[in-house]
Amino acid sequence: MGCSGCRFRVNFGKALSKVSVFFTMVLIFTYFFYCLTGFCDSAPRAAYRQETSDLDYDILDDLRPPRRLFPDAPFQRNRTGSEDAPAEPLQNTLDSEKETVQSNGIPVSNTFGTKRFPQAIIIGVKKGGTRALLEFLRIHPDVRAFGAEPHFFDRFYDKGLEWYRNLMPRTLDGQITMEKTPSYFVTKEAPSRICTMNCQTKLIVVVRDPVTRAVSDYTQTLSKNPGLPSFQSLALKNSSTGLIDTTWSAVRIGLYAKHLENWLQYFPLSQFLFVSGERLVSDPAGEMGRVQDFLGLKRVVSDKHFYFNQTKGFPCLKKPEGSSRPRCLGKSKGRPHPQIPSEVLQRLRDFYRPFNHRFYQMSGQDFGWD
């Protein structure tokens, strides 16, 4: 009996060993199978990536190195002598990292999903609030956006549509791909080029009182070029006659009705959404509701995501769960404007008034700038 029990224990031990080896092989095979199909990449990354996605926008602005998005692109000089870089990305240093992290903090594989042409583009206007709108939209789990301004339809069109598509983040079914480049709205060739890509593209235009927008535009240029002539000397052809100089880009951009006429030759009005830059500050949740409806998205971005920053003078995003700081736009946003003579501002208001009224009629919205 004793020997029989010994043989039983030995055989049982061998059988158990074989079962363990079998299950180990199954687990190894399963692991390699999932890695080959790309699922390994969607496993949680090191903690620093999650922390990166929660960094305050001011920190990101400070970390940004003085490099250019497209090194082979020539700088363009405007009339004031300032250099316009190919793009002004808010999170330029971390875009490659954030390719793998959605705005809700969920890691996504670099090989998971599909690169698509944008279904919606924020086409304007400069200093209207386009960066704020894009960052607010990126809270939505169904929105994936290219962080920088690609400037494809105005500066890099010769690189081809495939080059442009490869810039875009990967998206899953049901997600929307977006980008924003405010200079598209004032670029004559942009409407036809976007229509060549897809005439069904949804177009978002953030507009702002053209007088305030011009001053903000000048303030930004002045911060980069302190030797800039005064606002009034650039805005007026002749100080004695008071004629407005429409060749100055800061003035020309505010002729919204003229620019919209060009776009309506290629796109119906139903494919445009005109967002009020002023209401984006005073009621961000309300404007974001309109934007989400226009894009066919569930209303996820709401009042609970915002608080008003008294120092900056515009809304910021409340701190995400697990983050120690709220998220505000960079230090370049909310600069104090220089003092402009009231008579110069009044001349500009008189100049813009008929163009504003025409724009109200064309867009079907009264923005109340007069």
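Residues numbered from 1 in each chain as written. Predicted model: local features only at pLDDT ≥ 70, side-chain atom pairs only at ≥ 80, totals over all residues. Heavy atoms only, no water.

If you check an unreviewed UniProt entry, the protein appears there as Sulfotransferase from Maylandia zebra. Under the Sequence similarities (unreviewed entry) heading, UniProt states for the protein: "Belongs to the sulfotransferase 1 family." (UniProt positions renumbered as here; feature names shortened; annotations may be inferred.)

A. Broad picture of the side chain of D209. Looking at the element boundaries, D209 is found in the loop between β8 (202–207) and α8 (210–224). A distance of 2.9 Å separates a polar atom in the side chain of D209 from the backbone nitrogen of V211. D209 has contacts with Y256, E278, R349 and W369, leaving out every residue within four places of it along the chain. (Helix = DSSP H or I, 4+ residues; strand = E, 2+ residues; numbered from the N terminus. Polar contact = N/O pair within 3.5 Å; in protein donor to acceptor, adjacent residues only side chain to side chain. Contact = heavy atoms within 4.5 Å.)

B. Structural detail: the nonpolar core. With 33 residues, the main nonpolar core has I123, F153, Y184, I194, W263, F272 and F359 as its most contacted residues. For this core, the secondary structure elements donating two or more residues are β4 (120–124), α6 (161–167), α7 (190–197), β8, α11 (256–263), β11 (272–276) and α14 (342–363). In this structure, M178, V206, V275 and F306 belong to the second largest nonpolar core, which totals 26 residues. (Core = buried A, V, L, I, M, F, W, Y, C linked by side-chain atoms within 4.5 Å. Buried < 20%, exposed > 50% of the residue type's maximum accessible area, 1.4 Å probe, protein only.)

C. Highlighting the pairing of strand β13 (residues 314–317). Pairing geometry for strand β12 (residues 306–309) and β13, over four bridges, is antiparallel. Bridge pairing links F306 to L317 in β13. Joining the antiparallel neighbours β12 and β13 is a turn of four residues, in which G313 adopts a positive phi near 85 degrees. (Pairing = 2+ DSSP bridges.)

D. Quick look at the sheet that holds β11. Pairing is parallel across the open sheet formed by five strands, whose spatial order is β5-β7-β4-β8-β11. Of all strands in the sheet, those bounded by a partner on one side alone are β5 (143–145) and β11. For this sheet the average axis-to-axis angle between neighbouring strands, irrespective of direction, equals 25 degrees. For β4 and strand β7 (residues 176–180), the ladder comprises three bridges, and the chain directions are parallel. Pairing of A120 across the sheet is with M178, part of β7. Relative to the sheet, helix α5 (residues 130–137) contacts β4, β5, β7, β8 and β11, its axis offset from that of β4 by approximately 160 degrees. (Axes fitted to C-alpha atoms, helices over the stretch in contact; angles between N-to-C directions.)

E. View of the pattern of salt bridges. For the structure on display, the rule yields 12 salt bridges. The salt bridge involving R165 is made with E162; its shortest N-O contact spans 2.3 Å. You can see R165 and its partner E162 sitting in helix α6, three residues apart, about one turn around the helix. The exposure class of R165 is partly exposed, given its relative accessible area of 22%. Here the salt bridges share partners, and the residues they tie into one network are K126, R213 and D217. (Salt bridge = Lys/Arg side-chain N within 4 Å of Asp/Glu carboxyl O.)

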